[in-house]
Amino acid sequence: MTATDLSLPAPAVAAPDNRSAPGRPVRSRGWRLVGYAALVLAAAGLLLPFYWMVVASLKTNSDVFTIPITWLPDPVVWRNYLDIWQRSDMTTWLGNTLLLSGVVTLLQVVTGSFAAYGFARVRFPGRNALFLAYVGTIAVPWQSYMIPQFILMSKLQLSNTLWSIVALQAFGAFGVFLMKQFYETIPEELSEAARVDGLSEFGIYRRIMLPLSRPALASLGLLTFVTTWNDYLGPLIYLRSPELRTIQLGLNTFISQYNAEYALIMTGSVLSVLPVAVIFLLGQRYFIEGIASTGLKG
């Protein structure tokens, strides 16, 4: 007999017995369904006020607060959207708000990304201390330096102009922090290779960092646009002329004049929310990607 004939057969490896825990897949699926149901209920609770606002804007004024609540307008009063344009200066309000939000968003994206590149990629003495001091200004409430800012804008003769809001909100520490976190996820080898090829720091920023940071730029742009669009206190302090009012100031004056016209008030609220909702829906993919990626370290 040969050595091969005397060798013992290899023991068979037993396959995993899924029958040992028959209830595990069922329980896992059950918990997943419970989680989905909880998310659906939470989403419905968040969207319910917005749905009621839209429905109320399509009702007659006497039907807005009827008991019991009617969740579908009957009849549908589309004329409310025409009446509010005729009885208010909605075109001016929306135009001023759109102009301020667009200019401030553009400036914050440019200044925030450029400063963040310096903190993330350029090495200079005191860089970390300066960055911590700059980001620390986020914790300082605006009310503590609101009066000095107003005095400064008045001496610069920018008060009661749109330029005052632009000058105050063109720079933001949060945008620098957000972009710096994203830049640190980009491999340093890309910048080193570009420097070897003779590319300047500004060229690296413009041709490498900006194209790779589109999700973070979209996140910063969306957050800045929404914040500027919903700002009330800043325009209230600096914009005193009626032709400079934003949508928030305009709606406040409209409510004070037509405090019993609830359907028109809801119509104006829908018009103030609609542009922000459309912009967020168009950019939500980049927003989620940018927020998720800024928390990673590469």
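## Here's the deal with the overall build of the protein chain
So, point 1. When its secondary structure is counted, the protein chain shows 14 helices and zero strands.
So, point 2. Among the 298 residues that make up the protein chain, the fraction classed as buried is 36%.
So, point 3. Within the protein chain, counting contacts between residues at least 6 apart in sequence, those at least 24 apart form 73% of the total.
So, point 4. Of the roughly 18,500 Å² of accessible surface on the protein chain, a fraction of 69% belongs to carbon and sulfur atoms.

## Some thoughts on the nonpolar core
So, point 1. With 22 residues, the main nonpolar core has I84, M90, W229, I247, F254 and M266 as its most contacted residues.
So, point 2. Elements represented by at least two residues in this core include exactly α2 (24-56), α3 (79-87), α4 (90-121), α11 (214-229), α13 (247-257) and α14 (262-293).
So, point 3. When residues in this core are grouped by element, the largest group, seven residues, is from α14.
So, point 4. The residues touching F254, leaving out its near neighbours within four places in the chain, are I84, R87, S88, W93, L264 and I265.
So, point 5. Of all hydrophobic cores here, the second largest spans 21 residues; its members include V135, Y183, Y205 and L220.

## Remarks on the packing of helix α10 (residues 201-212) against α11
So, point 1. Close contact between α10 and α11 brings their axes to 5 Å; oriented N to C, the two are set at 70°. One way to sum up the angle between α10 and α11 is to call them roughly perpendicular. Packed against α10, whose contacting residues are L210, P211 and L212, the element α11 presents R214, P215 and L217 at the interface.
So, point 2. Across the contact of α10 with α11, the residue classes tally to five nonpolar, no polar and one charged.

## What to know about the packing of aromatic side chains
So, point 1. The final tally for this structure, using the stated rule, is 10 aromatic pairs.
So, point 2. Between Y117 and Y205, the aromatic rings sit 5.9 Å apart at their centres with planes inclined by 50°, giving tilted as the arrangement. Highlighted residues: Y117 in helix α4 and Y205 in helix α10, separated in sequence by 88 residues. One exposure class covers both Y117 and Y205, and it is buried.
So, point 3. Chaining the aromatic ring pairs together yields one cluster made of F114, Y117, Y183, F202 and Y205.
So, point 4. Above the plane of the ring of F131 lies K180, whose end atom (NZ or CZ) is 4.6 Å from the centre.

## Describing the environment of P215
So, point 1. Among the structural elements, P215 can be located in helix α11.
So, point 2. Each C-alpha atom of the pair P215 and F182 lies 9.2 Å from the other, and the pair is 33 residues apart in sequence.

## Describing the environment of T161
So, point 1. With respect to the secondary-structure elements, T161 resides in the loop between α6 (146-155) and α7 (162-169).
So, point 2. Distance from T161 to L239, taken between C-alpha atoms, is 6.3 Å for residues 78 residues apart in sequence.
So, point 3. For T161, the contacting residues outside a window of four places in its chain are Y238, L239 and L244.
So, point 4. Here L158 takes part through its backbone oxygen, which lies 2.4 Å from a polar atom of the side chain of T161.

Here is what the cut-offs are and how they apply
Residues numbered from 1 in each chain as written. Predicted model: local features only at pLDDT ≥ 70, side-chain atom pairs only at ≥ 80, totals over all residues. Heavy atoms only, no water. Helix = DSSP H or I, 4+ residues; strand = E, 2+ residues; numbered from the N terminus. Buried < 20%, exposed > 50% of the residue type's maximum accessible area, 1.4 Å probe, protein only. Contact = heavy atoms within 4.5 Å. Areas by Shrake-Rupley, 256 points an atom, 1.4 Å probe, with all protein chains shown as cover. Core = buried A, V, L, I, M, F, W, Y, C linked by side-chain atoms within 4.5 Å. Axes fitted to C-alpha atoms, helices over the stretch in contact; angles between N-to-C directions. Parallel < 35°, antiparallel > 145°, perpendicular 65-115°, else oblique. Nonpolar A, V, L, I, M, F, W, Y, C, P; charged D, E, K, R; others polar. Phe/Tyr/Trp six-rings, centres within 6.5 Å; stacked < 30°, edge-to-face > 60°. Lys NZ or Arg CZ within 6 Å of the ring centre and 35° of its normal. Polar contact = N/O pair within 3.5 Å; in protein donor to acceptor, adjacent residues only side chain to side chain.

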